[in-house]
Amino acid sequence: NAKNGGRHTYCVFQPGMGDEVRQRRALEKDMNTALSAGEFELFFQPRMCLASARIVSYEALIRWNHPERGLVSPAEFIPVAEASGQIVPIGKYVLAEALRIASSTITTASISINVSPVQFRDRDFVDDVRRAIETSGVPAGRIELEITENTLIEDDARALAVLTRLKEIGVNIALDDFGVGYSSLSYLSRFPFDCIKIDRSFVSEAQRNYGSLAIIETVVRLGKALKMRVVAEGVEDTEKLCLLAQRGCHEAQGYLIGMPAPTSKLVRSIPEEVSEALDRLKFGGLQVFEAANQKN
Ligand code: C2E
Ligand code: MG
Ligand code: MG
Ligand code: MG
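Fair warning: this is a prediction, and the values are worked out from it, not measured in the lab.

Novice: Lay out helix H6 (residues 125-136) with the relevant residues and their values.
Specialist: Helix length check: H6, at twelve residues, gives a terminal C-alpha distance of 17 Å against a target of 16 Å (1.5 Å per residue), a fit within 8%. Every buried residue of H6 is accounted for by Phe125, Val126, Asp128, Val129, Ala132, Ile133 and Ser136. Buried residues in H6, looked at end-on, bunch into an arc of 160°, giving them a common side. Exposed residues lying more than 90 degrees from the buried face of H6 are Glu134 and Thr135. As for H6, its buried residues are in contact with helix H4 (87-104), helix H5 (117-121), strand S5 (143-148) and helix H8 (156-169). Residue Gly137 follows H6 closely and has a positive phi angle near 75°.

In structure tokens:
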């Protein structure tokens, strides 16, 4: 266990693996001071409701402004922070900072916060959430926590207990990156999700791969049957947006609608091409579904 072993553990270096191990060690070490040095920052990416064509929430996405390396991607440092246990204090920072911004800058939309499986398993997690809500004064109903399927697999009885306590507090729960983790469909009915986020890999393939489109359609239908909102991730062009809208997907998120941005450059409204495309769709003038319906 990397958390207990820490820096007193010997590391067996495999030939060829040295660089990667050294790199992770260096990141891990730099992370120890990153929080207190104020090197982390939250970006926010909008999520839109397709029926109303309005921004309904923002997802908080962490950024690390490393003094020497520049911007380090969360895809690179979150796994390191999870292995070392540093994700717990980092996750507390994300909670506090996202809710601070939800009470000061983003007051008309909901806020989504990503929760790592390691953070979720921490015994103080529910209390941390409760305290962050109390401190910020943000109504719990405006907050959504995003967890991935991997959070549920290890001890699903405990996961269910934690989710139930979170629901009692009143926060919403989203299942992030749905479809790419180790999960079973029964999770969707056993756990109290408010929202399912379809992984962007299905969305990016939707026009080329009939299977991906079929999965999207099925998840939309499941979401409706289970009374969960369905969000498509990674929407990069209007064709995909229209395809999703026509299939009855509730919400969309992606570079087309808005890039993740610091609060000073927050995306406040949806681009004109998006509202125009949705308008055209309403009038039935757009023929974007042919390619999607062709089997390849
Ligand atoms: P995620 O939660 O699935 O977040 C979506 C990722 O997709 C973000 O990457 C976002 O910038 C990117 N994205 C959004 N729209 C598009 C699009 O249209 N096309 C493409 N190609 N990408 C798009 P980011 O910010 O690099 O974050 C990567 C992952 O790191 C997140 O995936 C999440 O799992 C994790 N992460 C980010 N912030 C946090 C955090 O505060 N706490 C924890 N535990 N994990 C975080
Ligand atoms: Mg997410
Ligand atoms: Mg996601
Ligand atoms: Mg994803």
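Moving on from the model shown.
Novice: Could you give an account of the packing of aromatic side chains, with specific residues and numbers?
Specialist: Two aromatic rings, taken as a pair, are described by how far apart their centres are and by the angle between their planes. Under the counting rule described, the total for this entry stands at seven aromatic pairs. On the numbers, 6.3 Å between centres and 40° between planes, the contact of Phe40 with Tyr93 is tilted. With Phe40 in strand S1 (residues 40-49) and Tyr93 in helix H4, the pair connects residues that are 53 residues apart, well separated along the chain. Taken together, the aromatic side chains of Phe40, Trp64, Phe77 and Tyr93 make up a single cluster linked through ring pairs.

Novice: For the site of ligand 1, give the residues involved together with the corresponding values.
Specialist: Surveying the vicinity of ligand 1 reveals 21 residues, the closest of which are Arg63, Asn114, Arg200, Glu236 and Tyr255. Contact distances for ligand 1 include 3.0 Å between a nitrogen atom and a side-chain N or O atom of Gln45. A distance of 3.1 Å is found between a nitrogen atom of ligand 1 and a backbone nitrogen or oxygen belonging to Ile62. When contributions to the shell around ligand 1 are tallied by element, the ones reaching two or more residues are strand S2 (54-66), helix H3 (74-84) and strand S6 (172-178). Of the residues assigned to the shell around ligand 1, the class counts are eight nonpolar, five polar and eight charged.

What counts and what doesn't
Residues numbered from 1 in each chain as written. Chains lettered and ligands numbered in written order. Predicted model: local features only at pLDDT ≥ 70, side-chain atom pairs only at ≥ 80, totals over all residues. Heavy atoms only, no water. Helix = DSSP H or I, 4+ residues; strand = E, 2+ residues; numbered from the N terminus. Expected span 1.5 Å × (residues − 1). Buried < 20%, exposed > 50% of the residue type's maximum accessible area, 1.4 Å probe, protein only. Arc of directions from axis to C-beta. Contact = heavy atoms within 4.5 Å. Phe/Tyr/Trp six-rings, centres within 6.5 Å; stacked < 30°, edge-to-face > 60°. Near = heavy atom within 4 Å. Polar contact = N/O pair within 3.5 Å; in protein donor to acceptor, adjacent residues only side chain to side chain. Nonpolar A, V, L, I, M, F, W, Y, C, P; charged D, E, K, R; others polar.

Any link to function would need more than the numbers given here.
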